[in-house]
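Structure at a glance
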Amino acid sequence: MVEGRACFSREVKNGLEILKRKRLQRMKSGTAPEAINAGNMMARSGGDALKATASCGVRMHGNSNTFSGGSFPVKDAFSKHRVEKFDLSNLEWIEKIPECPVFCPTKEEFEDPLVYLQQIAPVASKYGICKIVSPISASVPAGMVLMKEQPGFKFTTRVQPLRLAEWTTDDKVTFFMSGRKYTFRDFEKMANKAFARRYSSAGCLPAKYLEEQFWHEIAFGKTESVEYACDIDGSAFSSSPSDQLGKSKWNLKRLSRLPKSVLRLLGTAIPGVTDPMLYIGMLFSMFAWHVEDHYLYSINYHHCGAFKTWYGIPGHAASEFEKVVREHVYDRELLSGEGDNAAFDVLLGKTTMFPPNILLEHNVPVYKAVQKPGEFVITFPRAYHAGFSHGFNCGEAVNFATGDWFPLGAVASQRYALLNRTPLLPHEEFLCKEAMLLSPRLPNSDPKEPYPGAEDLTSQHRIKVSFVHLMRFQHCARWSLMKMGACMGYKPNIPLPVLCSICRRDCYVSYVECNCHVGPICLRHGKELRKCRCGYNRIVFLREDILKLEAVSRKFEQEDGILELVQNQAQQGDDSCLQPNLFQCAGDGYKPYCEIKFEENPDAQEEGPLHNDGYANSNRVKSSQTKSPEMVSASEFESAVPVTSDKSAAANRAGSHDTLSLQQSDDSDSEMFRVKRRSSLSIDKRSVGETIKFTEHQAVRVSTNYGPASCLNNLANWLAWLSNHGQKFVKRCNC
C-alpha cells in the first residue's frame, strides 16, 4: 500500500482536484516518508509494534460540495477561522476542571463488574464519569489479539476536521468522509509518525501539556485533519484461557449478558450496544460531545497506547448542558424546533465539539479523567461526555444497563418519540420482562432465598416504580378508549417488534388500530384517536397476559413507598414520569385496575398479519360498529394520555402526515434493534413509496405500491395467515 501523510497538506485549500492529483503522483512514484525508529514505537505502544509497511494516505468519499454541511467547497471544510463564541486565547480554565473519582478495587471486589458498579454508583454517578483501575491485566497484547486471533482484521478510518465551527447552517462539522483502509499495524505506524513529526519524540508527553496543545491546535493550529477508527466491530480481549482479564467477567464481550444486565433480555445482538466496538485513535483524534443511546451506561477499556482525556457532565446537569449548547453554541437557524429537544436532536449527530470553558462560565459542572492503559472509564446514564487521544491508542467500549436505568431510559424513549426517531431498544418490553422476573422474589415469597443487598433493592425499587407507572397508564387509557366505543382483542403474544406509526415507540403491552391510520398507534395519542376520520371504529389489541401484568403491578403497589413515589412524581411533573396525569383520570366510576368485561363481537375479526416494520396490514378486515359509542370528553381522555406540548404536537403532526417516512440523523434509524447509532449529522427523509430495510425480525419489506401484483400478494398473505391461525373473536369491552 502507498504511504502518504497523516493529515492534509496546505495544497488541499486549492481544491479537491489538486489533492487527487497529488495522490495519483504519489501512487505513481511510490515515494514515502522515512519511518521512525521501531524501538521508539514499541515504547509508545507497549511492545505491540512490529516492523511493517505503513499506509498513511487519506481518501475522501461523498459529495465534496456538501462536506461541512454548507454551500462552500471542501477546502473550507478544514479551514480554521476565529470563532468568537469560543475564546481560547487563555487556557487557564484547564486547571479549573476537577478530576473525576478513581476507584482501585481488590481482586475480590473486581469479581463481578455489575455488582461492583452498583456499589460505587451512588458516589460516582454524581460526577457523570469515573475511572476504575483494573487489579488484573491482559497477558496477550491487543495488537497480538487483532493480528493473530483475528487474522485479516482491517478497518476504515473517518477523517475528522480539526477545527472549531460556528455551528450555523453554513458552518458545521461532519465526520462522514472516509480515510484509508488500514491494518492495526499500518495505522499504528502512521499515527506514531505523525506524533514524531510534530514533537520530534516518540515518548509520552505530560497530559496537561497535550490538553493545552489540543485546544490550541483546534482553534489556531495548522493541522487540518486527523483520522479516527471509531465504531469498528470487534474486540481486542483475548480468547486465550491463560489471559486473566480475557477470561474474567470484565471482558466486554460478556458484560452485557451478565445476570444483572438488562440487555441480556435482548434476543438480537446490537454492535456497540450489546457487543463491543473498537476505537483506534491517533494524536488529537476526538470523540465529540454526546450521550449514550437510550441514556445507557457505557464502559470503555484502554487496551494500549497513549492516554485519553475525557470530559464528563453529570446526568443531573444534562438539561443545563443542553441549554448552554442551545443558547451559546448552536445558531438558532440550525435548530429544527424550540425547547430542549432542539439541541438534543443535533447533538445526536455526535459531531459537536467545543471547549468545556463555555460550560464552566455558565455553571455547568464538568469533570475530567485521564485514561491510561489498563483502566476502565464508566459513563453513567444521561451523562454527556467528550474527549481526545494523546497519540496512537486502542480502546474498546460497550453499553450496559442495570435496573436503576429504567427511569432515565423512559425519558430517552419519550424524547425519541417526540423527535420521531426509531428506537434501538424496546424499553417497554424490557420493563415488563424485568418486572415479571421480580414478581417471584417479592418480600417473604421464599424464605430460603438470600435477602438482596442494598444495591439490588435500589435497582428493584426503580423497576417497580417504573412498571407501576406504565401499568396504571395502560389501564386508564384502555378504559377511556372503551368509553369511546373501541373493540378489544387479546393476542397470545405480539411476535414482532410493533412500532407506533406516529411516534415509533415500541408497543409491547397494547396498541390501537383504526381505519384511517396506516399502522398501529400506541395509547399515548389520545388527540389523534379522537379526531381520526373513522370515528370510533377502532380495535385495541392487548397481550394475552395483561391481567398477569396488572396483578404484579398491584402487588408492587402494596410495598412501602412504591405508590406514594409514583403519585408524587406524577403530580410534580417529574421528567422521569411518562404519564404526568395518570392520577387525574378518575371520573365516571373509574378506579385503578377496575374490571373491564368483554362481550363477543362476531362482526370484528382479529387483525391481519403484521408487516415487518411493526405496522399492521392496512388492508385488514374492518370491525363494524355495533353500538353507538359513549362519548368521552377531551379532558377525560387526556387524563389517561398525557397532554402533548406544542413541540410534542408538532412532532406528532409530522409523524401522522407521513407515518412511513424516516427522519434519520444517523446510519441506523432505519434498522430496529440492530445497529448502534453512528456518528453523523446527515438528515434524510425517505418518501412513503420507498421500501425500508429492517432486520430478520421483520421478515418482509413495507411497500406502498397498491397495484394488481401487490393486491394479489396481499390476498395470498391473507389466505396463508387464515389457514395457520383460524378464526378468533374480537370482543367489545364494557366496564
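These figures come from a predicted structure and were not determined experimentally.

Right, let's talk about the nonpolar core for a bit. Across soluble globular proteins, you tend to see nonpolar side chains buried next to one another. Of all hydrophobic cores here, the largest spans 164 residues; its most connected members are I132, W215, W289, F321, Y330 and L359. If one sorts the elements of this core by residue count, helix α13 (residues 454–483) sits on top with twelve residues. If near-sequence neighbours (up to four positions away) are discounted, I132 is found in contact with F103, P105, F110, Y116, L117, I120, W250, G374, E375, F376 and I378. By size, the runner-up hydrophobic cluster in this structure holds twelve residues, among which are C100, I129, M277 and A397.

Now for the environment of S261. Tracing the chain through its elements places S261 in the loop between α7 (252–255) and β6 (277–281). A sequence separation of 142 residues divides S261 from G403, and the C-alpha atoms of the two residues are 7.9 Å apart. Ignoring any residue separated from it by four or fewer positions in sequence, one finds S261 in contact with L114, L255, S256, A401 and E434. Among the polar contacts made by the side chain of S261, one reaches the main-chain carbonyl oxygen of S256 at a distance of 2.6 Å.

Attention now goes to the sheet that holds strand β3 (residues 154–161). One open sheet holds the nine strands; their spatial order is β1-β2-β11-β8-β13-β6-β5-β3-β4, and the pairing between them is mixed. In this open sheet, the two strands that pair with only one neighbour each are β1 (102–103) and β4 (178–183). The pairing of strand β5 (residues 225–233) with β6 spans three bridges and is classified as antiparallel. Counterpart to I232 in the pairing with β6 is L278.

Our focus in this paragraph is the packing of aromatic side chains. All chains considered together, the criterion is met by 35 aromatic pairs. Pairing W289 with F354 gives two aromatic rings, centres 5.5 Å apart and planes at 25°, and the pair type is stacked. Of the two residues, W289 is situated in strand β7 (residues 286–290) and F354 in the loop between α9 (340–347) and α10 (357–361); the sequence distance between them amounts to 65 residues. Each of the two residues, W289 as well as F354, counts as buried.

This brings us to unusual backbone geometry. For D231, which is not glycine, the phi dihedral falls at a positive 55°. Mapped onto the secondary structure, D231 falls in strand β5. For D231, a relative accessible area of 7% corresponds to the buried category. The phi dihedral of Y593 falls on the positive side, at around 65°, and the residue is not glycine. Mapped onto the fold, Y593 is located in the loop between α16 (562–572) and β17 (597–605).

Okay, the packing of helix α12 (residues 427–438) against helix α15 (residues 546–557) next. Close contact between α12 and α15 brings their axes to 10 Å; oriented N to C, the two are set at 65°. Crossing of α12 over α15 shows left-handed handedness. Facing C432, A435, M436 and L438 of α12, the residues of α15 in contact are K548, L549, V552 and F556. Looking at the contact of α12 with α15, its residues break down into seven nonpolar, no polar and one charged.

Across the protein chain, pLDDT averages 74, with 65% of residues at or above 70. Every residue in residues 680–714 is under pLDDT 50, and counting partners more than four places away or in other chains gives 73 contacts.

Okay, the sheet that holds β7 next. Pairing in this open sheet of four strands is antiparallel, and the strands run β7-β12-β9-β10 from one edge to the other. Strands with a single pairing partner mark the edges of an open sheet, and in this sheet they are β7 and β10 (367–371). Across the sheet, the axes of successive neighbouring strands diverge by a mean angle of 15°, strand direction being ignored.

Scoring rules and cut-offs
Residues numbered from 1 in each chain as written. Predicted model: local features only at pLDDT ≥ 70, side-chain atom pairs only at ≥ 80, totals over all residues. Heavy atoms only, no water. Core = buried A, V, L, I, M, F, W, Y, C linked by side-chain atoms within 4.5 Å. Buried < 20%, exposed > 50% of the residue type's maximum accessible area, 1.4 Å probe, protein only. Helix = DSSP H or I, 4+ residues; strand = E, 2+ residues; numbered from the N terminus. Contact = heavy atoms within 4.5 Å. Polar contact = N/O pair within 3.5 Å; in protein donor to acceptor, adjacent residues only side chain to side chain. Pairing = 2+ DSSP bridges. Phe/Tyr/Trp six-rings, centres within 6.5 Å; stacked < 30°, edge-to-face > 60°. Axes fitted to C-alpha atoms, helices over the stretch in contact; angles between N-to-C directions. Left-handed = near helix turned anticlockwise from the far one by under 90°. Nonpolar A, V, L, I, M, F, W, Y, C, P; charged D, E, K, R; others polar. pLDDT = per-residue confidence, 0-100.

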